[in-house]
Structure formats: structure tokens, C-alpha cells
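Structural features, examined
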Amino acid sequence: MIHKHHVKFCKMIKNSMHGYPLNRMRRNRQSDWSRRLVCENNVLTSDLILPVFVMEGNNKIEPINSLPGVNRYTIDRVIEVAKECEDSGLPLIAIFPVIDSNLKTDHAEESYRADNLICRTVSEIKNKVSNIGVMTDVALDPYTSHGHDGILKNNVIANDETIEILIKQAINQCESGTDIIAPSDMMDGRVLKIREALESHNFQDKIIMSYAAKYASNYYGPFRDAIKSNKNLTGDKKTYQMDVANSNEALREAELDISEGADMVMVKPGLPYLDIIHKVKTYLKVPTFAYQVSGEYASLMAASMNGWIEYDDIIMETLLCFKRAGADGILTYAALDVAKKVSG
Ligand code: PBG
């Protein structure tokens, strides 16, 4: 198969060897209008998803040191952000809670309390902002005293016991009105178990966007700072998040999640993992999303704050790269900045 393609490709190269001067690639690049005419990919506002951090309190906005330009908001201020997103044409926002440390426990009970921060936020947004989807993370890390995405038994993340809690968390979020459930925990079989629970609770229309290929990456540091889980985290997440060295495994992960009832899959981190996005999209042909994670955004922001690169231009370049690789949409902390510059 590969051999056949290779032979065909070599013939093509040979035939075009004498292309010049008949072929001049620069003709199409000579002016703005001709470049626009042959442009293969675009970034649209409908491609962009904004992650938003919510905290307890009233009328407060708190900057996040390691994510310049990104803030934690109290619920009333999240509503303003959600409205701005709606006005800018973003289809979806992803909400992440900052949980007070006295509510963090070994078994993450706060994650499924009916009136918890994330549920109150979701129902407020759903009441006050009509034309935007809301996505919520299903994972225990904001709620555990040890900062892991699952619960520990003899110092090991207990897969099946964790899923039992994730199910309660997911149902709880659905009851508050969330549109998309996003399991970001990387437990085995959690999509199937959550999907079954959604079916039996009459939530068959809830969408699942699974963090299917989520790597044990060093790019998540500022996010853990944002939700204040970094001080709690003991050890790393390598027994459940993927090995950075692996690629075929990502396909298996994504394929499994789809077969278990996920509607969309996500690859994370983003830019250093474009090969994975391309592979998933090419082979599985399912709605595929990328997360330009906190460490990626923070690096670009830090360089631009030093005057070494230009923020607007570099962000747009990265987003185009995601689209070129095959992403259907991108979660990015720059979503609102970019939405102001591009069209629907
Ligand atoms: C938690 C979660 C993480 C991110 C999204 N959901 C962090 C982690 O797995 O430690 C990272 C997002 C980012 O870095 O922007 N399950």
C-alpha cells in the first residue's frame, strides 16, 4: 500500500521535474487577493472554545499569575464573559472550578454535591445566556486532597471506584443543565459507564466530548496553578495519562471512547501533538478537537510580553496549524481575542 503510493509520488515528482518555468509556485502568492483565493484553511469563530475558571464569591475577578490575560471569575462575572462569548459567535465555553481547599477530600465528595460551584455556574449561564453551549469537565482533580483525577487505594489510582464517582459527577452536571460532558480523567471504561448512566437517567441527548488522547504532559502547570491543585498534587499522572512517546496508542484510546459512546474526541496538549490530531482525524473521521493548553498559551504569552514575538500573529498561526492538521475546533485561552479578528 505505502509502496504503491510511494511509486506514484516518485512518478509525479519526475513528471514535474521540468515544471519550471511552466510551474512557478510564486504566481499564486503574488498578492493578497490571490493568496486568499488559494487559501486552504481558515479559522472561524465557530472553531473556538473558551476555557473559563470560576471561583466562589461576588463581583470578583482575580488574575492568574502564570496565565497573563486569563482570570478567575465569580459566577456573576462568568455570566458577563459567557455573554461576550455569545456576542462574539463562540459556540461553546468550558467551565473549570476553583475549589476551596477545605472542600477537597480524599474521595472528592464535593464533585457530586448538587449545589456545588460548577452546577450553580452552569445553571446560571443556561438561565441567562441562550445561544452558547456549556461544557464541563468530568474528573476529580479540583476536588481531591491529593490533586489526582481519581481516588487512591493503597496509593494507586483505583480505576473502577473512580468511575463510580465520575458517574455521580456527570449526572449531577447534567441535572444542572450542562450540554457537553467532558471526561478528562483517563480512567479505562469511563465513557461507557457514563454513557450508560446518562441513558438510564433520561439524559440520552447529552454530548460526550472525551479527552481521548490526553498525555502526561508538562504543559499543564499553569492550569493547576489556576485551579489551585498544584500544591496538592503528589507524584505525577503517568499511570493514567498517556506516555508522550506514543502515537498508535492514541488511536486505540480514541477508537475505544467512540465505541463506548463518545460523540467527539479531544487531543491534548495541542500544538506539539498535531501528528496525533491528524492521525485521529484521518483514521477515525470523527469530530476531533484540540486543546491548546495552559503551558502552550503561557509560553507564547511570556515571549510576547518580552517583545520577542507578536501575540496576535503567533496565536493566529498556531490556530491555523490546528485546522490544517484536521482539528474541527480548538479550546484556547485566546478564543475571545481571536474571535474579535475573524468571522463566523
Ligand atoms: C484536569 C484537567 C487538566 C487540564 C484540563 N483538565 C490538568 C491535568 O490533567 O492535570 C489541563 C488544561 C490546561 O493545561 O490548560 N483533569
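From a predicted model like this one, the values you see are computed outputs, not experimental measurements. Sequence order sets the numbering: in each chain, residues are counted from 1 along the sequence as written. With pLDDT at 70 or above as the cut-off, local features in this predicted model cover only qualifying residues; side-chain atom pairs require 80 or more to be listed or tallied, and sums for whole chains, interfaces and linings still use all residues. Side-chain measures here rest on the full set of heavy atoms in the structure, leaving out hydrogens and waters.

**Here we look at the domain arrangement of the protein**
The condition that has to hold: Domain delimitation follows an automatic or database domain assignment.
Annotation of the protein at the domain level lists domain 1 (1–39) and domain 2 (41–343). Summarising the inter-unit geometry, the C-alpha centres of domain 1 and domain 2 are found 39 Å apart.

**Points about the site of the ligand**
Quick note on the threshold: Working definition: residue near molecule or strand if any one of its non-hydrogen atoms lies within 4 Å of it. Here a polar contact is taken to be a pair of N or O atoms separated by no more than 3.5 Å, where protein atoms must pair a possible hydrogen donor with a possible acceptor and residues adjacent in sequence count only if both atoms sit in side chains. Here the accessible surface of atoms and residues is derived via Shrake-Rupley with a 1.4 Å probe, and residues count as covered only by protein chains that are part of the display. To qualify as a helix, a DSSP run of H or I must reach at least 4 residues; to qualify as a strand, a run of E must reach at least 2; elements of each kind are numbered from the N terminus.
Surrounding the ligand, one finds 18 residues, the nearest of these being Arg224, Lys237, Lys268, Ser294 and Tyr333. Between the ligand and the protein, one listed contact pairs a nitrogen atom with a side-chain N or O atom of Asp137 at 3.1 Å. Protein coverage of the free-state accessible area of the ligand, which is 400 Å², stands at 100%. Elements supplying a minimum of two residues to the shell around the ligand: β9 (207–214) and α7 (221–226).

**Section: the pattern of salt bridges**
The condition that has to hold: The term salt bridge refers to a side-chain nitrogen of Lys or Arg lying within 4 Å of a carboxyl oxygen of Asp or Glu. Accessibility here uses a 1.4 Å probe with only protein chains present; expressed as a share of the type maximum, an area under 20% marks a residue as buried, one over 50% as exposed, and anything in between as partly exposed.
According to the stated counting rule, one finds 21 salt bridges in the structure shown. Residue Asp257 is joined to Arg190 by a salt bridge in which the shortest nitrogen-to-oxygen separation is 3.2 Å. Note that Asp257 is positioned in helix α8 (residues 248–259) and Arg190 in helix α6 (residues 190–200), a separation of 67 residues in sequence. Each member of the pair, Asp257 as well as Arg190, is classed as buried. Note that Asp312 is salt-bridged to Lys341, the shortest N-O span being 3.6 Å. Pair noted here: Asp312 is in helix α11 (residues 311–325) and Lys341 is in the segment after α12 (335–339), with a separation of 29 residues, a long-range link. The exposure class assigned to Asp312 is partly exposed, which follows from its relative accessible area of 32%. When salt bridges that share partners are traced, they join Asp141, Asp149, Lys214 and Lys237 into one network.

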